[in-house]
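Spelled out from the first residue to the last, the chains are:
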Amino acid sequence: MVQRVSSPITVELPSHGVLFVESSHASDFRMAPRQDPYHKVLYVLSGEVAYRESARTTAARAGSVLVVSAGVEHQITDLEPSTLLLLCFRRELVEVDADIEKLWRTLVRGASDPLKLSRPSRQRMEGMWRRAMFEWEHTRIGSATTARALAAQTIAFAATVHRSIPRSQRQHLRGFPK
């Protein structure tokens, strides 16, 4: 049975700086505006959320990706009970590799709109997350390296999908006006 939470889960990054985690929200889930000291990629596995950053709110349905840079104030409100997959990672992950940094900047530039994935892309994204969560639960030699590699792969995949969607189609993905 899945344990549903009424408030955001507590995230403590491991020493290698990457954490993949699942957050299943109860019907009374509430999140106050917050800032985190780490970057996040949020994947809406099920349900629908309203994501607020600055003065702008957008809707994100199942199959959507949201990107949150470290230090950015944001808030999530469930429009229906939701399950989110979170990739949380230290800034150093993108700072030590020029390619990953470029991919992260691509995602952050498009962060005002959720990235809606196609069915094949959803399956691939969910598979990477499940693999990373398996590695976390079954720690063995090389697990930290695998977690960092899967985080880089997730960022690369999301950035590649983002760049393949024409700007005109990205604009219509907005759920709510400012």
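Each residue is numbered by its place in its chain's sequence as written, counting from 1. Totals for whole chains, interfaces and linings use every residue, but because this is a predicted model, local features are given only for residues with pLDDT of at least 70 and side-chain atom pairs only at 80 or more, for both listing and counting. Hydrogens and water are ignored here; the side-chain numbers use all heavy atoms of the structure.

Engineer: Please provide a residue-by-residue account of the overall build of the chain, values included.
Structural biologist: Helix and strand definitions here come from DSSP, where helices need a minimum of 4 consecutive H or I residues and strands a minimum of 2 consecutive E residues; each element is numbered from the N-terminal end. In terms of regular secondary structure, the chain is built from five helices and six strands. Each helix and strand of the chain, placed in order from N terminus to C terminus, yields the pattern β-β-β-β-β-α-α-β-α-α-α. Taken against the 2.2 N^0.38 rule, which gives 16 Å for 178 residues, the C-alpha radius of gyration of the chain at 15 Å falls within 12% of a compact globule. For the chain, the C-alpha atoms occupy an extent of roughly 45 × 40 × 30 Å along the three principal directions. Burial classes: relative accessible area under 20% of the type maximum marks a residue as buried, over 50% as exposed, and values in between as partly exposed (1.4 Å probe, protein chains only). Burial analysis of the chain (178 residues in total) assigns 49% to the buried set. In what follows, a contact means two residues having at least one pair of non-hydrogen atoms within 4.5 Å. Here the analysis covers contacts within the chain between residues at least 6 apart in sequence; of these, 75% occur between residues at least 24 apart. Accessible area of the chain: about 9,200 Å², with a carbon and sulfur share of 51%. Just so you know, the count uses Lys and Arg for positive and Asp and Glu for negative, and it drops His and the chain ends. Note that the charge is assigned to NZ on lysines, CZ on arginines, CG on aspartates and CD on glutamates. Considering the chain, the positive charge centre built from 25 side chains and the negative charge centre built from 18 side chains are found 6 Å apart. The atom set for the radius of gyration is the C-alpha atoms, and the globule formula is 2.2 Å times the number of residues raised to the power 0.38. Exposure was quantified through the Shrake-Rupley algorithm and a 1.4 Å probe, taking into account, for residues, occlusion by the shown protein chains and nothing else.

Engineer: Now, about the pattern of salt bridges: what can you tell me, with residues and values included?
Structural biologist: Salt bridge criterion: a side-chain nitrogen from Lys or Arg within 4 Å of a carboxyl oxygen from Asp or Glu. Counting across every chain of the model gives 10 salt bridges. Lysine 40 is the partner of aspartate 36 in a salt bridge, and the nearest nitrogen-oxygen pair spans 2.8 Å. When sorted by exposure, aspartate 36 lands in the same class as lysine 40, which is buried. Glutamate 135 is the salt-bridge partner of arginine 140, the closest N and O atoms lying 3.1 Å from each other. Salt bridges sharing partners connect three or more residues here, namely Arg34, Asp36 and Lys40.

Engineer: Describe in detail the pairing of strand S2 (residues 39–53), supporting the description with residues and values.
Structural biologist: Counting buried positions over the 15 residues of S2 gives 12, a clear majority of the element. Note on pairing: two strands pair once DSSP finds at least 2 bridges between them. With 13 bridges connecting them, S2 and strand S5 (residues 74–89) associate as antiparallel partners. Its bridge partner lying in S5, glutamate 48 is registered against glutamate 80. Sheet topology places S2 next to strand S4 (residues 64–68); four bridges connect them, and they run antiparallel. Paired with lysine 40 across the two strands is valine 68, which belongs to S4. Of the strand pairs in this sheet, S2 and strand S3 (residues 56–61) are connected by six bridges, and their pairing is antiparallel. Bridging from a neighbouring strand, valine 49 pairs with alanine 60 of S3. Count of turn residues in the S2/S3 antiparallel hairpin: two residues, of which serine 54 carries a positive phi of about 60°.

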